[in-house]
Amino acid sequence: MTHELGHTIGFRHTNWDDLGEPETLFGLFHIEGTPEGNDPHSIMNGGNATSGFSGLSYYDKVALRALYPW
Ligand SMILES: [Zn+2]
């Protein structure tokens, strides 16, 4: 559920390339301070729907603060 909420606030899959999703499908904007490639600990990795929630990764938090500073 947290993963889906991530989509609603503008995040796409961090492993979009591994999933074969086109770069231009939803737009792609790299967030400074996050990896250019996959973040294996991100809640925004697609295909992990059956995994339990283990918290936001470090880079999930970097991305969240970049898009929604508080
Ligand atoms: Zn997804």
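Note that the structure is a prediction, hence the values are computed from the model and not measured. (Residues numbered from 1 in each chain as written. Predicted model: local features only at pLDDT ≥ 70, side-chain atom pairs only at ≥ 80, totals over all residues.)

S.K.: Now, about the overall build of the protein: what can you tell me, with residues and values included?
M.R.: Secondary structure summary: the protein contains 2 helices and 0 strands in total. Taking 11 Å as the expected radius of gyration for a compact globule of 70 residues, we find that the protein reaches 11 Å, a close match to that expectation. Over its C-alpha atoms, taken along the principal directions, the protein stretches across nearly 35 × 25 × 20 Å. Out of the 70 residues in the protein, the part that is buried amounts to 11%. (Helix = DSSP H or I, 4+ residues; strand = E, 2+ residues; numbered from the N terminus. Rg over C-alpha atoms; globule rule 2.2 N^0.38 Å. Buried ≥ 20, exposed ≤ 12 C-beta atoms within 10 Å, placed from the backbone.)

S.K.: Which residues make up the environment of Leu 67, and what values go with them?
M.R.: Among the secondary structure elements, Leu 67 is positioned in helix α2 (residues 58–67). Look at Leu 67 and you get exposed, because 12 C-beta atoms sit within 10 Å.

S.K.: Could you give me a rundown of the environment of Ser 57, with the residues and numbers involved?
M.R.: You can see Ser 57 is positioned in the loop between α1 (2–8) and α2. Measuring from C-alpha to C-alpha, the distance between Ser 57 and Ser 42 comes to 5.1 Å, with 15 residues separating the pair along the chain. Filtering out sequence-adjacent residues up to four positions away, Ser 57 remains in contact with Asp 39, His 41, Ser 42 and Ile 43. (Contact = placed C-beta atoms within 7 Å.)

S.K.: Describe the environment of Pro 40, naming the residues involved and giving the relevant values.
M.R.: By the secondary structure assignment, Pro 40 is in the loop between α1 and α2. A tally of 10 C-beta atoms within 10 Å means that Pro 40 is categorised as exposed. Sequence spacing of Pro 40 and Asn 15 is 25 residues, and the spatial spacing of their C-alpha atoms is 8.1 Å.

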